[in-house]
Amino acid sequence: MVGWSLALVGVLVGAVQGGLTRVVVPKIGNERSIYAGLGLYTLGMVLFAFATQSWMMFAFLVPYCLGGICGPSLQSVIAGHVPANQQGELQERSPAL
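Let me sum up the structure you'll find in this document. (Residues numbered from 1 in each chain as written. Predicted model: local features only at pLDDT ≥ 70, side-chain atom pairs only at ≥ 80, totals over all residues. Heavy atoms only, no water.)

Re the environment of S5
Turning to its location among the elements, S5 is positioned in helix α1 (residues 2–49). Expressed as a C-alpha distance, the spacing of S5 and A51, which sit 46 residues apart in the sequence, is 14 Å. (Helix = DSSP H or I, 4+ residues; strand = E, 2+ residues; numbered from the N terminus.)

This is how it looks when you write it as structure tokens:
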């Protein structure tokens, strides 16, 4: 069951990072992407807390993984506040989202 859940997470995260982000961010902008992504992460975590069946965990992975749309937007906003000569240092210290 753990293997199946990790496989689903991999597929969902890949879909979000590989396709959904490049569609959503240009349409709604960085700020709204950040709020939407953090909201989806929060919703996913709250739903995880109330899961009583294993199938619920699989279903609740969807909003949680969709929250990944906030990662590139956060990095973009943060990078806009750092001088060009410090961009590499910023990216080096940023945690992987």
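This is not the end of the story, as more comes after the structure.
A closer look at the packing of α1 against helix α3 (residues 70–79)
Between two packed helices, what matters for the description is the angle formed by their axes and the separation of those axes. Here α1 crosses α3 at 100°, and the two axes come no closer than 7 Å. By the angle between their directions, the pair α1 and α3 is classed as roughly perpendicular. Of the residues in α3, those in contact with T21, V25, N30, S33, I34, G37, L38 and Y41 of α1 are C70, P72, S73, L74, S76 and V77. Its residues placed into classes, the contact of α1 with α3 shows eight nonpolar, six polar and no charged. (Axes fitted to C-alpha atoms, helices over the stretch in contact; angles between N-to-C directions. Parallel < 35°, antiparallel > 145°, perpendicular 65-115°, else oblique. Contact = heavy atoms within 4.5 Å. Nonpolar A, V, L, I, M, F, W, Y, C, P; charged D, E, K, R; others polar.)

Quick look at the packing of α1 against helix α2 (residues 54–66)
Running from N to C, α1 and α2 point in directions that differ by 30°, and their axes come no closer than 7 Å. Here α1 is positioned roughly parallel relative to α2, judged by the angle of their axes. Its residues assigned to classes, the contact of α1 with α2 shows 22 nonpolar, two polar and no charged.

Brief notes about the state of the cysteines
All told, the structure shown has zero disulfides when counted by the stated rule. Note on C65: no disulfide assigned, nearest cysteine sulfur contributed by C70 at a separation of 12 Å. For C65, a relative accessible area of 6% corresponds to the buried category. (Disulfide = S-S within 2.5 Å. Buried < 20%, exposed > 50% of the residue type's maximum accessible area, 1.4 Å probe, protein only.)

Concerning the environment of L66
Along the chain, L66 falls in helix α2. For L66, a relative accessible area of 29% corresponds to the partly exposed category. In this structure, the C-alpha to C-alpha distance between L66 and A51, residues 15 residues apart in sequence, is 18 Å. The contact partners of L66, leaving out residues within four places of it in the chain, are V16, L20 and L40.

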